[in-house]
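# Breakdown of the fold
Listed below are the residues making up each chain.
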Amino acid sequence: MVIDRLTQKDCREEYHLNQFDSSVLFVAPHGGGIEPGTDILCREISNGGFSYYSYICPEYNGDYGINHPFHIPSHRFNTPRSDYLVSMHERVCSLHLFNEQAEVVHVGGIDTKYCSAISDSLNHHGFSAILDLDNNCGLHRNNICNRGRFGMGVQLEISTGLAKCLIVDSKLTVHGKSFTDIVRLFWRERGYLQPLDV
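### A word on the overall build of the protein
A tally of helices and strands in the protein yields 5 helices and 9 strands. Along the protein, helices and strands appear, N-terminal first, in the series β-β-α-β-α-β-β-α-β-β-α-β-β-α. Pairs at least 24 residues apart make up 81% of the contacts formed inside the protein by residues separated by at least 6 positions. Summing over all exposed atoms, the protein offers an accessible surface of approximately 9200 Å²; the carbon and sulfur share of this is 49%.

This is the structure in structure tokens:
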């Protein structure tokens, strides 16, 4: 099912396709007021040669996450543009927000090898990351993070507590810059930055 949320005048898609971006697409399907800060992190991680896609809606009565009226579950999220961008990449790494005051990242997705490796990398650099393969964290086959060419991807679930340390007044903090640098470096070290087959 292709969602019709784009008829909402205040919602928009933001994206960048880098034809020299090998294969990993960073996605924030619940950007703006839905899961605040995820689109900012997604855009920053992609800097330096990667592609990204964000679906951005405004705040709504203070509701966010699954309570936001424009929140669409990741396994049902698809627009013509997001489908096209996802299909152009081998892997997808999606960013999400969940309500938890502890400063932690839950790492999930079908690509268990990469999930484990990025969790280790974040922990090694001082962030608290939990490999979460038991709570349906990005495990649905139709989750947007698993719809790339390889059919498996990575989902980063960032707690609200950590998000407050990464972003203040819509700007990255020092910790936010460190976090995005670590995630970007993780993919760069794995050889991602080869020309796309377009």
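### Section: the layout of surface pockets
Roughly 350 Å³ of volume is contained in the second largest pocket. Residue lining of the second largest pocket: 16 residues in total, with P36, G37, L97, A163 and K164 positioned closest to the centre. Among the secondary structure elements, those contributing two or more residues to the lining of the second largest pocket are α1 (38-46) and α4 (160-166). The element contributing the most residues to the lining of the second largest pocket is α4, with 3 residues. Class assignment of the residues belonging to the lining of the second largest pocket gives a composition of 6 nonpolar, 7 polar and 3 charged.

### Considering the state of the cysteines
Within this structure, the stated rule accounts for 1 disulfide. Between C11 and C57 runs a disulfide, and the two sulfur atoms are separated by 2.3 Å. On the sign convention where negative is left-handed, the bridge of C11 and C57, at about 120° about the S-S bond, is right-handed. With C11 in the segment before β1 (12-16) and C57 in strand β3 (residues 51-57), this pair connects stretches of sequence that are 46 residues apart. A relative accessible area of 3% means that C57 is categorised as buried.

### With respect to the sheet that holds strand β5 (residues 105-108)
Read across the open sheet, the 7 strands follow the order β1-β3-β2-β4-β7-β5-β6; overall the sheet is mixed. Sheet topology places β1 and β6 (129-131) at the edges, where each strand pairs with a single neighbour. Direction aside, neighbouring strands of the sheet carry axes that sit 20° apart on average. Sheet topology note: the β1/β3 ladder contains 5 bridges and is antiparallel. By the bridge assignment for β3, E14 is matched with S54. This element, helix α3 (residues 112-124), spans β4 (91-98), β5, β6 and β7 (154-159) of the sheet and lies at about 160° to β6.

### Regarding helix α2 (residues 80-87)
Listed in full, the buried residues belonging to α2 are S82, L85 and V86. Around the axis of α2, the buried residues are gathered within 100° of arc, so they sit on the same side. Along its buried surface, α2 packs onto β1, β2 (24-32), β3 and β4.

### Details of the pattern of salt bridges
Counting across every chain of the model gives 10 salt bridges. Measuring nitrogen to oxygen at the nearest pair gives 3.2 Å for the salt bridge that ties E44 to K177. On the criterion of sequence distance, the pair formed by E44 in helix α1 and K177 in helix α5 (residues 174-189) is long-range, its members being 133 residues apart. Because the salt bridges share partners, they merge into one network encompassing R12, E14, D39 and R43.

Rules and cut-offs
Sequence order as written defines residue numbering, which begins from 1 separately in each chain. For this predicted model, a pLDDT threshold of at least 70 governs which residues receive local features, and a threshold of 80 or more governs which side-chain atom pairs are given and counted, while totals over whole chains, interfaces and linings are taken from all residues. To get the side-chain values, take all heavy atoms of the structure and skip hydrogens and water. Strands here mean DSSP runs of E at least two residues long; helices mean DSSP runs of H or I at least four residues long; both are numbered from the N terminus. Note on definitions: a residue-residue contact is assigned when non-hydrogen atoms from the two residues lie within 4.5 Å. Here the accessible surface of atoms and residues is derived via Shrake-Rupley with a 1.4 Å probe, and residues count as covered only by protein chains that are part of the display. As defined here, a cavity is a set of points on a 1 Å grid over the protein atoms alone where a 1.4 Å probe fits but cannot get out. A pocket is an open set with protein on both sides within 12 Å along at least five of seven lines, and residues line them when an atom is within 4 Å of a point. Grid points are joined across faces, edges and corners, and a volume is the space filled by probe spheres set on the points. In the scheme used here, Gly and all other residues not listed as nonpolar or charged are polar, with Ala, Val, Leu, Ile, Met, Phe, Trp, Tyr, Cys and Pro taken as nonpolar and Asp, Glu, Lys and Arg as charged. Cysteine sulfurs are considered disulfide-paired once they come within 2.5 Å of each other. Each residue is placed in one exposure class: buried if its accessible area under a 1.4 Å probe, protein chains only, is under 20% of its type's maximum, exposed if it is over 50%, and partly exposed if it falls in between. In short, DSSP must find at least two bridges between two strands for them to pair. Note on definitions: angles span 0 to 180 degrees between N-to-C directions of axes, and those axes are lines fitted to C-alpha atoms, for helices only across the stretch in contact. This arc is taken over the directions from the axis of the helix to the C-beta atoms. We define a salt bridge as a contact between a side-chain nitrogen of Lys or Arg and a carboxyl oxygen of Asp or Glu at a distance within 4 Å.

Without other data, these values stay purely geometric and don't point to any function.
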